[in-house]
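So you can see what is in the structure, the chains are spelled out below.
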Amino acid sequence: MKLQITTRRCDMDQDLRSFTETRVMKLKRYFDQIIDVNVILATEKHRQSVEVTVHATGTSFAGTSESSDMRISIEEAVGKIEAQLKKLK
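Small disclaimer: the values here were computed from a predicted structure and weren't measured.

Conventions used here
- Residues numbered from 1 in each chain as written.
- Predicted model: local features only at pLDDT ≥ 70, side-chain atom pairs only at ≥ 80, totals over all residues.
- Heavy atoms only, no water.
- Pairing = 2+ DSSP bridges.
- Helix = DSSP H or I, 4+ residues; strand = E, 2+ residues; numbered from the N terminus.
- Axes fitted to C-alpha atoms, helices over the stretch in contact; angles between N-to-C directions.
- Contact = heavy atoms within 4.5 Å.

1. Considerations on the sheet that holds strand S1 (residues 2-8)
Strand order in the open sheet formed by 4 strands is S1-S2-S3-S4, and the pairing between neighbours is mixed. Edge positions in the sheet fall to S1 and strand S4 (59-67), since each has one partner strand and no second. The mean inter-strand angle of the sheet, taken between neighbouring strand axes irrespective of direction, is 10 degrees. Note that strand S2 (residues 34-44) and strand S3 (residues 47-56) share 10 bridges and pair antiparallel. Among the inter-strand pairings, Val-37 is bridged to a residue of S3, identified as Val-54. The strands touched by helix H1 (residues 14-25) within the sheet are S1 and S2, with S1 carrying the most contacts at an inclination of about 140 degrees. Contacts from helix H2 (residues 70-88) reach S2, S3 and S4, with the element oriented near 150 degrees to S4.

2. Description of the environment of Thr-64
Checked against the element boundaries, Thr-64 lands in strand S4. With 12 residues separating them along the chain, Thr-64 and Val-52 place their C-alpha atoms 6.3 Å apart. Contacts of Thr-64, omitting those with residues within four sequence positions, involve Val-50, Glu-51, Ala-77 and Lys-80.

The following block contains the structure:
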């Protein structure tokens, strides 16, 4: 699984990068055929938004979230994709 993290108008420290990687890697237990994952982290005024796109064999999944904390946004966006993967199974 290839993971690509992009930031827009925000700085990413090593702590946030490792949190994102571990959270996204947990998607592997729901669906084995994930090819790549694109994560976009953006900051606009007081909003932290996250877009996660998962490309798998034959399908793709997307989850977005906005909140005042980047970690909460990551959790919610990945949670939406987890729900989609559980529904697919």
